[in-house]
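Remarks on the overall topology
Here is how the chains run, residue by residue.
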Amino acid sequence: MDSALDERVINHVTMTKKQVALTFDDGPDDKYTLKILDILKANGIKATFFVVGEHAAKYPAVLRRIVQEGHVVGNHSWDHPDLLKLSNELIRNEITKTDDVIRNISGASPTLFRAPYGAVNNDVRIDAASTGHHLIGWSVDTLDWKGKSTAEIINAVKKEVTPGAIILQHSAGGKGGNLTNTIQALPQIISYLKQNNYSFVTVPELLSAETH
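Cut-off values and rules
Sequence order sets the numbering: in each chain, residues are counted from 1 along the sequence as written. Only residues with pLDDT of at least 70 get local features here, since the model is predicted, and only at 80 or more are side-chain atom pairs given and counted; chain-wide, interface and lining totals rely on the full set of residues. Computation of side-chain values: all heavy atoms of the structure, hydrogens and water removed. Each residue is placed in one exposure class: buried if its accessible area under a 1.4 Å probe, protein chains only, is under 20% of its type's maximum, exposed if it is over 50%, and partly exposed if it falls in between. Secondary structure elements follow DSSP: runs of H or I no shorter than four residues count as helices, runs of E no shorter than two count as strands, and numbering proceeds from the N terminus. Think of it as the arc spanned by the lines of direction from the helix axis to the C-beta atoms. Residue contacts are counted whenever heavy atoms from the two residues lie within 4.5 Å of one another. Cavity and pocket criteria rest on a 1 Å grid covering protein atoms alone: a 1.4 Å probe that fits but cannot get out defines a cavity, protein on both sides within 12 Å along at least 5 of 7 lines defines an open pocket, and an atom within 4 Å of a point defines a lining residue. Grid points are joined across faces, edges and corners, and a volume is the space filled by probe spheres set on the points. Each Phe, Tyr or Trp ring (for Trp, its six-membered ring) is paired with any other whose centre lies within 6.5 Å, and the angle between the two planes then decides the class: stacked below 30 degrees, edge-to-face above 60, tilted in between. To obtain each axis, a line is fitted to C-alpha atoms, and for helices this fit is confined to the stretch in contact; angles are then taken between N-to-C directions over 0 to 180 degrees. Any angle that is under 35 degrees is reported as roughly parallel, and any over 145 degrees as roughly antiparallel; angles of 65 to 115 degrees are reported as roughly perpendicular and all others as oblique. Crossing handedness follows the turn of the near helix against the far one: under a right angle anticlockwise gives a left-handed crossing, and clockwise gives a right-handed one. Classification convention: Asp, Glu, Lys, Arg as charged; Ala, Val, Leu, Ile, Met, Phe, Trp, Tyr, Cys, Pro as nonpolar; all other residues, Gly among them, as polar. Definition of nonpolar core: a set of buried residues of the types Ala, Val, Leu, Ile, Met, Phe, Trp, Tyr and Cys, connected through side-chain atoms within 4.5 Å.

1. Thoughts on helix H3 (residues 60-68)
Every buried residue belonging to H3 is among Val-62, Leu-63, Arg-65 and Ile-66, and all of these are buried. With its buried residues spanning 160° around the axis, H3 presents them on a single face. Among the exposed residues of H3, those oriented more than 90 degrees off its buried face are Ala-61 and Gln-68. In this structure, the buried side of H3 is in contact with helix H1 (32-43), strand S3 (48-51), helix H2 (53-58), strand S4 (72-75) and helix H4 (88-106).

2. Quick notes on the layout of surface pockets
Empty space within the largest pocket amounts to approximately 230 Å³. Considering the residues around the largest pocket, the lining is formed by 17 residues, among which Asp-26, His-80, Tyr-117, Trp-145 and His-170 are closest to the centre.

3. Topic: the packing of aromatic side chains
Working definition: an aromatic ring pair is given by the centre-to-centre distance plus the angle between the planes. This model, assessed by the stated rule, comprises one aromatic pair. Ring geometry for Phe-24 and Phe-49: centres 5.3 Å apart, planes at 25°, overall stacked. With Phe-24 in strand S2 (residues 19-25) and Phe-49 in strand S3, this pair connects stretches of sequence that are 25 residues apart. Assigned by exposure class, Phe-24 and Phe-49 land together as buried.

4. Notes on the packing of H1 against H3
Relative orientation of the contacting elements H1 and H3 amounts to 20°, with a least axis distance of 11 Å. It follows from the interaxial angle that H1 and H3 lie roughly parallel. At the point where H1 passes H3, the crossing takes the left-handed sense. Contacts between H1 and H3 involve Thr-33, Leu-34, Leu-37 and Asp-38 from the former and Val-62, Arg-65 and Ile-66 from the latter. In terms of residue class, the contact of H1 with H3 is built from four nonpolar, one polar and two charged.

5. Observations concerning the side chain of Thr-202
Relative to the helices and strands, Thr-202 resides in the loop between strand S9 (199-200) and helix H8 (203-208). Residue classification places Thr-202 among the buried positions, given a relative accessible area of 5%. Not counting residues up to four positions away in its chain, the partners in contact with Thr-202 are Ala-21, Lys-46, Ala-47, Thr-48 and Val-72.

6. Here's the deal with unusual backbone geometry
For the bond from Gly-27 to Pro-28, the omega torsion is 0°, close enough to zero to count as cis. You can see Pro-28 is positioned in the loop between S2 and H1. Positive phi, close to 80°, is recorded for Asp-26, a residue that is not glycine. With respect to the helices and strands, the residue Asp-26 is situated in the loop between S2 and H1. Notably, Asn-197 is not glycine yet its phi reads approximately 65°, a positive angle. Checked against the element boundaries, Asn-197 lands in the loop between helix H7 (180-195) and S9. Since its relative accessible area comes to 61%, Asn-197 is described here as exposed.

7. Details of the nonpolar core
Counting residues in each nonpolar core, the largest one holds 37 residues, and the members touching the most others are Leu-22, Leu-40, Phe-49 and Leu-193. Sorting the residues of this core by element identifies S2, H1, S3, H3, H4, helix H6 (150-160), strand S8 (165-170) and H7 as the ones contributing at least two each. No other element matches H7, which puts six residues into this core. Those residues in contact with Leu-40 that sit more than four places away from it in its chain are Leu-22, Phe-24, Ile-45, Ala-47, Phe-49, His-71 and Ile-190. Membership of the second largest hydrophobic core comes to 12 residues, among which are Ile-10, Val-13, Ile-136 and Val-201.

This is a description of form; function is not addressed.
What follows is the structure, encoded as structure tokens:
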């Protein structure tokens, strides 16, 4: 992929190699994020965590563990607002404030930004690029935050996955604050993808392998 920031939303990457990126939004917390990290570690998989700044500030040890275990941290705004309702100045503040907290806690400088709710307009595109971020969406939406059953989450992956897919799940929040469905589904998703000869990479690794 060209290293230039071109303001597009990257929902998937064009490739023939069977690679996918697991991504987790809205963390960190001290419950579900830890369980996800345990599952990823047991399977030798690196993922990408799009973290909310105020949560990162609240759980610095979890953020440090994410980085120490080789995962990539992306920016998911400071407090998860609808960016379409904010001015350019406020959008940039959401991004830069979160970058600062992530960098101060973990030493990692995010180069990826995912807009809350996937809500993007020209202002969001421009502000993400001007603050040095690729704008990342997704191509497989498990809707785990809605309280979907474990089976429904797994079926969404089976139905929608393709080479170069970006798979969206969550590592905090969920319906009623419950992401047990995600924790139960994740090992089965990993098993299914491995059985179908998919390998797991981080979003930056996926971007670097893009073919045109």
